[in-house]
There are 2 protein chains.
Amino acid sequence: MSDRPAKDKLFDAFASVAKVLGSGRRAEIVDVLAQGERPVDEIAEEIGQSIANTSQHLQQLLRVGLVRTRREGTRIHYRLSGTAVTRLWAAVREVASEHVAELDELAEAYLGDRAALDSLTRTELTNRMAAGDVVVLDVRPEHEFRSGHIPGAVSVPVRELAGRMRDLPHGRIIVAYCRGQYCVFADEAVRTLREQGMPAVRLEEGYPEWAEAGLPVEAGAPRKSGAPG
Amino acid sequence: MSDRPAKDKLFDAFASVAKVLGSGRRAEIVDVLAQGERPVDEIAEEIGQSIANTSQHLQQLLRVGLVRTRREGTRIHYRLSGTAVTRLWAAVREVASEHVAELDELAEAYLGDRAALDSLTRTELTNRMAAGDVVVLDVRPEHEFRSGHIPGAVSVPVRELAGRMRDLPHGRIIVAYCRGQYCVFADEAVRTLREQGMPAVRLEEGYPEWAEAGLPVEAGAPRKSGAPG
DNA sequence: GTGGTATTCAAGTGAATACTTGAATATCAC
DNA sequence: GTGATATTCAAGTATTCACTTGAATACCAC
């Protein structure tokens, strides 16, 4: 009645998708690519692995179809193959945060104590953006900003923030956002800004969730601020 | 700046969720449990594995928190730990069906050719239910029907269908549903009914998707049809 | 208590996995 | 064509994994 070998193969195929996400390093890769496409060497740098090893992880993601490639001269850029992958990755994090016992400790060990940091949800931010009383600050690396960001956001990568504080408009609350809930950039930015007495909060989630929710996005280089020449 | 070991551990924790779904047998278990709770021996039977092996797979699902247990005398019933798990499993299937190259062949090898079988979407079915011109037929095993089904559905497990054809009301189109898109029960039912000249189609998706979509559900034993006693 | 059943645990085996190292390809600049 | 760079491939090793078998545990009926 039921065709056991065929059923097993079908479910092995489903499982192959989960399996390829079942490595912390590949999960980090997907998390990085959720911000936009990247060449191999940069991905390797992001996940702290050798290029050869990173390449092999990317091959596995490619074989299952989670990523695609684009050649540009001698470099090969990887990107997620579609929004279904973004949703899958979000579903994994959601289940982990609800059901994996140690996740809270691990998150706190990486992110530090967030109790003192206020955060805004997406809808709160859209409301305040409409009211015009906030500055939206994208603290991801600039190329991630270029490949897509919240409309009207200012790009100041967290590594440059300390030196570029003067570029930021005063008098309005600054809402910093980054790659997502489990990314430290916005936290660091908020702490840095507060130390200088500037009012700052973080967006609870990050750019991929914003885009996935169908909210407006914008792409391209940041406007130069300040300006000798 | 970034705490590599802590970040790796955090992403290993995310990945542990995906990893545990990264086995065809455990994926089958999750698919079975999406219909409702089941004791170990029945799960083993469903996935065609030994009880010892099934138990170990269940321990792994338990360790990561995807399932919970309930003891009833000497038997232990497993169930999914929440709707986030159902959504995760749906996301896995969605990505697989969009991006895994061989999935179509594998699905066809297991399900047979579906070209000849019409199917209805959830919304089409709710419309026709409101119009009152369909009979909804649940062809899953009866205990799955009891733990939750589409309101007003008649329960006739596919294995009993051939012998109980007379119990079904005539004159209206029969819409059969089962565990989901990749379940053969409804297909078999539709074929059986059509061979007898009865108008039948299948619901595209299955009971878990119906419930997850927030549509009304009903639980409890089926009404006896026909009746000596 | 004894006997029976459902489930889990423990040990063993063959296959698959992650990462390393060093060599092979492919494109570009010239 | 040559040299330089980005990426992939191949081989090797230590670890992890899926499944089997047989024993241990936990509950129930009596």
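Structure: above.
Rules and cut-offs
All residue numbers refer to positions counted from 1 along the written sequence of the respective chain. For this description, chains carry letters from A and ligands carry numbers from 1, given in the order in which they are written. Totals for whole chains, interfaces and linings use all residues, but because this is a predicted model, local features are given only for residues with pLDDT of at least 70 and pairs of side-chain atoms are given and counted only at 80 or more. Just so you know, side-chain values use all the structure's heavy atoms and leave hydrogens and water out. Throughout, a contact is declared for two residues whenever any of their heavy atoms are within 4.5 Å. Once two parts are put together, the accessible area they lose, assessed with a 1.4 Å probe and summed over both, is termed the buried area. For helices the rule is a DSSP run of H or I covering at least 4 residues; for strands it is a run of E covering at least 2, with both sets numbered from the N terminus onward. Each residue is assigned to one of three groups, with Ala, Val, Leu, Ile, Met, Phe, Trp, Tyr, Cys and Pro labelled nonpolar, Asp, Glu, Lys and Arg labelled charged, and all others, Gly among them, labelled polar. For every residue, the accessible area (1.4 Å probe, protein chains only) is compared with the maximum for its type, and the residue is labelled buried under 20%, exposed over 50%, or partly exposed between those bounds. Pairing of N or O atoms within 3.5 Å defines a polar contact, subject to two protein rules: one partner must be a possible hydrogen donor and the other a possible acceptor, and residues neighboring in sequence count only if both atoms are side-chain atoms. Between any two strands, pairing holds if DSSP finds at least two bridges.

A. Expanded view of the interface of chain B and chain A. Counting from both sides, the interface comprises 57 residues of chain B and, opposite them, 57 residues of chain A. Summing both sides of the interface, chain B and chain A together bury roughly 4800 Å²; the carbon and sulfur share of this comes to 68%. The three residues of chain B that bury the most area against chain A are Phe11, Phe14 and Tyr110 of chain B, which together make up 15% of that side's buried surface. Looking at the side of chain B that touches chain A, the elements that each hand over two or more residues are helix 1 (4-20), helix 2 (24-33), helix 3 (40-47), helix 5 (83-99) and helix 6 (103-111) of chain B. Considering every element that reaches the side of chain B that touches chain A, the biggest residue donor is helix 1 of chain B, with 15 residues. Classifying every residue of the side of chain B that touches chain A gives 29 nonpolar, nine polar and 19 charged.

B. Inspection of the side chain of glutamine 35 of chain B at higher detail. Residues and elements named next belong to chain B. Mapped onto the elements, glutamine 35 comes out in the loop between helix 2 and strand 1 (38-39). Among the residues examined, glutamine 35 registers a relative accessible area of 2% and is labelled buried. Among the polar contacts listed, one links the side chain of glutamine 35 to the side chain of arginine 140, at a separation of 2.8 Å. Among the polar contacts made by the side chain of glutamine 35, one reaches the main-chain carbonyl oxygen of arginine 179 at a distance of 3.1 Å. Excluding its chain neighbours within four sequence positions, the residues that come into contact with glutamine 35 are Arg140, Glu144, Ser147, Cys178, Arg179, Tyr207 and Pro208.

C. Focus on the pairing of strand 3 (residues 75-80) of chain B. All names here are of chain B. Sheet analysis places strand 1 next to strand 3, joined by two bridges and oriented antiparallel. What sits directly across from arginine 38, in strand 3, is tyrosine 78. Sheet topology places strand 2 (residues 67-72) next to strand 3; six bridges connect them, and they run antiparallel. Within the sheet, the bridge partner assigned to valine 67 lies in strand 3 and is leucine 80. The antiparallel pairing of strand 2 with strand 3 creates a hairpin that spans two residues between the two strands, and glycine 73 there sits at a positive phi of about 60°.

D. Representation of the environment of alanine 109 of chain A. Looking at the secondary structure, you find alanine 109 of chain A in helix 6 (residues 103-111). Since its relative accessible area comes to 52%, alanine 109 of chain A is described here as exposed. Beyond its immediate stretch of four places on either side in the chain, alanine 109 of chain A contacts Asp3 and Ala6 of chain B.

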